[in-house]
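Chain and residue survey
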Amino acid sequence: MPQLVFIHGPGAGACADAYEPQLKYFKGSVAPNLPGHLEGERCKTVAGYTEWVRGWLWAQGLRKDLVLVGYTLGASIALQYGLDYPDEVKGMVIMTVAARPKTRAPGAYDMRLRAAKDPKVYEEEWIPFQRLAMQFVEPGLRERLVERHRQVGPMSQYHDLMTIDAFDVRDRIATLKPKLLIMRGMNDHGNPPEYEKEIHEAVSGSQYIKLDGVGHFPLTEFPDKLNPLIEKFVAGL
């Protein structure tokens, strides 16, 4: 039986709480808190995080038929896991992800660094940015995730962005074996390039769904819309 694993990124609370709607909907699903977020020491590469997630899963006896689901850093980890350990992965659902280094808006890194040093930047730039990024998230959940951001802090987000932007599997992506569903929110506040299409075109048999009215964190924003899509994908594995 497929085992759903939800992997978070540096946004939407920067912890597993982002997947609260999925953990309630999919019985038996799991979502680890990556190290260096609420606790522990961060990993420096996507490959490092992948090994940590694999160890976390193996410690719980979850070693096969995995369905890895995530956006941003979580999606990068899922891709790395599927490439490195295809026999353990049955399927993957990824979004807001690239197989190559991303291009970011000017000041994206600097804003996090300034927020870590200056309380005014923290409160007047960094925290409002988190709310903007989560504009489609249900207000109650959004505020709980903002509080998680306060716990995790801007430097964790800075390091996560650097880790994502060093990720590059273009030379291997065409060899990906697990079944793959790619989704893209068409109303992402950052309007990033269509990296997901590049992955879809490279991976034979992959599915690609464009989601109108959906932003940067599709699963957290519209669980009632996204959960059935995941359910359908899992049923077809």
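To keep things clear, this report deals only with the structure shown in the data block. Being a predicted model, the structure only gives us computed values, none of them experimental. (Residues numbered from 1 in each chain as written. Predicted model: local features only at pLDDT ≥ 70, side-chain atom pairs only at ≥ 80, totals over all residues. Heavy atoms only, no water.)

Remarks on the side chain of Asp188
- Turning to its location among the elements, Asp188 is positioned in the loop between strand 4 (179–185) and helix 8 (195–202).
- An unpaired buried charge is present at Asp188: no salt bridge exists, and Arg184, the closest side chain of opposite charge, is 6.2 Å distant.
- Within polar-contact distance, the side chain of Asp188 engages the side chain of His216 at 2.5 Å. (Helix = DSSP H or I, 4+ residues; strand = E, 2+ residues; numbered from the N terminus. Buried < 20%, exposed > 50% of the residue type's maximum accessible area, 1.4 Å probe, protein only. Lys, Arg positive; Asp, Glu negative; His and termini not counted. Salt bridge = Lys/Arg side-chain N within 4 Å of Asp/Glu carboxyl O. Polar contact = N/O pair within 3.5 Å; in protein donor to acceptor, adjacent residues only side chain to side chain.)

Brief notes about the environment of Leu141
- Mapped onto the fold, Leu141 is located in helix 6 (residues 139–152).
- For the pair Leu141 and Glu20, spaced 121 residues apart in the sequence, the C-alpha separation amounts to 8.7 Å.
- Setting aside its immediate chain neighbours within four residues, Leu141 contacts Asp17, Glu20, Pro21 and Thr220. (Contact = heavy atoms within 4.5 Å.)

Some remarks on helix 5 (residues 119–133)
- In this model helix 5 runs 20 Å from its N-terminal to its C-terminal C-alpha over 15 residues, within 8% of the 21 Å that 1.5 Å per residue would give.
- Among the residues of helix 5, Val121, Tyr122, Trp126, Ile127, Gln130 and Ala133 are the ones counted as buried.
- Considering only its buried residues, helix 5 is in contact with helix 4 (108–117), helix 6, helix 7 (154–165) and helix 9 (218–221).
- With a side-chain oxygen lying 2.9 Å from the backbone nitrogen of Lys120, the N-terminal cap of helix 5 falls on Asp118. (Expected span 1.5 Å × (residues − 1).)

Observations concerning unusual backbone geometry
- A positive phi is found at Ala14, a non-glycine position, where the angle reads about 55 degrees.
- Within the fold, Ala14 resides in the loop between strand 1 (3–7) and helix 1 (20–25).
- Even without being glycine, Thr72 reaches a positive phi, approximately 50 degrees.
- Along the chain, Thr72 falls in the loop between strand 2 (66–71) and helix 3 (73–84).
- Classification of Thr72 by relative accessible area gives buried; the value is 5%.

Looking at the pairing of strand 5 (residues 207–211)
- Two strands pair when backbone bridges link them, and strand 4 and strand 5 are joined in this way by five bridges, in the parallel orientation. By the bridge assignment, Leu181 is partnered in strand 5 with Gln207.
- Crossover connection from strand 4 via helix 8 to parallel strand 5: handedness right-handed. (Pairing = 2+ DSSP bridges. Right-handed = clockwise from strand over helix to strand, strands pointing away.)

Examining the packing of aromatic side chains
- Using the criterion set out here, one finds nine aromatic pairs in the structure.
- Summarising the aromatic geometry, the rings of Tyr19 and Tyr71 are spaced 5.4 Å apart at their centres and angled 40 degrees between planes, so their arrangement reads as tilted. Residue Tyr19 is found in the loop between strand 1 and helix 1, and its partner Tyr71 is found in strand 2; the two are separated by 52 residues along the sequence.
- A relative accessible area of 1% means that Tyr71 is categorised as buried.
- Centroid distance Phe136 to Phe222: 5.9 Å. Interplanar angle 40 degrees. Geometry classified as tilted. With a gap of 86 residues between them, Phe136 in the loop between helix 5 and helix 6 and Phe222 in the loop between helix 9 and helix 10 (223–235) connect regions that are remote in the sequence.
- The partly exposed category is assigned to Phe136, whose relative accessible area is 26%.
- Grouped by ring-pair contacts, the aromatic residues Phe6, Tyr19, Tyr25, Phe26, Tyr71 and Phe217 constitute a single cluster.
- The ring of Tyr85 has Arg54 sitting right over it, with the charged end atom 3.7 Å from the ring centre. (Phe/Tyr/Trp six-rings, centres within 6.5 Å; stacked < 30°, edge-to-face > 60°. Lys NZ or Arg CZ within 6 Å of the ring centre and 35° of its normal.)

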